[in-house]
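What follows is the residue order along each chain.
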Amino acid sequence: MALETCGSCLSCLLIPLALWSIVVNILLYFPNGRSSHAASYQLPNYVWYFEGICFSGVMILLLAVILIALECSVFHRCCQSESCNKTYRSFISIVLALLGVAFSGYSCIIFTLGLIQGPFCNSSGGWDYIFKDTAGGYLTDYSAWSRCTEPANMVEWNIILLSVLIALSGLELIICFLKVAAELKRTLCGTYSVFVQAGIL
């Protein structure tokens, strides 16, 4: 019972994380609350991958809803016996949680690469990724941030939002890993036994 409750809680935790990921990713399109830069495509290239909206957002949200639904009694009679039922539900939950690991892991990697690359901004040399050759060193070189003249405060905006997205996708990754572990433990270690019944396949 404790494992079932834990698994359900883990799935529920994914929903607010996915919603926040969508909201924060949308904010990346509007530096300082202005839409003019998005309209003229003066935004970093990683923003157009939509990883925060699609992968760590909508896809994780859909997976969470399905995982929660799998915990409901409506799925208890999808095959001949309850033990068979639980086996299939657990297997599907593991597959979905692994997909969650892939989606959130991909997003976390893209966000991290975007943070290392730095913002796309206007400087004395024109619009460019002026910090791309610093290998992330600009993150602690506060005096260099003033080289970005447009959009205003673009470096701070970029660092804060990408850091939040990395944290959100990282939490999703951890939760999905825990969900896989909980389902494997439930399947293999005694919450219920997994066995193949003759005539099922």
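A. Representation of the pattern of salt bridges within the structure. Under the criterion given, the structure shown has one salt bridge. Between Lys179 and Glu183 there is a salt bridge, with its nearest N and O atoms 3.2 Å apart. Of this pair, Lys179 and Glu183 are both found in helix α5 (residues 154-188), four residues apart, which corresponds to roughly one turn of the helix. There is no split in this pair, since Lys179 and Glu183 are both buried.

B. Looking closely at the nonpolar core. Counting residues in hydrophobic clusters, the biggest one holds 40 residues, and the most contacted among them are Phe131, Tyr138, Val155 and Leu162. When residues of this core are assigned to their parent elements, the largest contribution, ten residues, is made by α5. Dropping the residues within four chain positions of it, Tyr138 is found in contact with Leu115, Ile116, Gly118, Pro119, Phe131, Trp145, Val155, Asn158 and Ile159.

C. Here's a closer look at unusual backbone geometry. Here Ala135, not a glycine, exhibits a phi torsion of approximately 55°, which is positive. Residue position: Ala135 is located in the loop between β2 (126-128) and α5. The exposure class assigned to Ala135 is exposed, which follows from its relative accessible area of 67%.

D. Structural detail: the packing of aromatic side chains. Evaluated as defined, the whole model comprises six aromatic pairs. Ring centres 4.9 Å apart and planes at 65° place the aromatic pair Phe55 and Tyr106 in the edge-to-face group. In this pair, Phe55 sits in helix α3 (residues 51-70) while Tyr106 sits in helix α4 (residues 82-117), placing the two residues 51 residues apart along the sequence. Judged by centre distance (4.7 Å) and plane angle (10°), the rings of Phe131 and Tyr138 are stacked. Judged by its relative accessible area of 1%, Tyr138 is buried. A connected cluster of aromatic rings, assembled from ring pairs, spans Phe55, Phe103 and Tyr106.

The rules behind the values
Residues numbered from 1 in each chain as written. Predicted model: local features only at pLDDT ≥ 70, side-chain atom pairs only at ≥ 80, totals over all residues. Heavy atoms only, no water. Salt bridge = Lys/Arg side-chain N within 4 Å of Asp/Glu carboxyl O. Helix = DSSP H or I, 4+ residues; strand = E, 2+ residues; numbered from the N terminus. Buried < 20%, exposed > 50% of the residue type's maximum accessible area, 1.4 Å probe, protein only. Core = buried A, V, L, I, M, F, W, Y, C linked by side-chain atoms within 4.5 Å. Contact = heavy atoms within 4.5 Å. Phe/Tyr/Trp six-rings, centres within 6.5 Å; stacked < 30°, edge-to-face > 60°.

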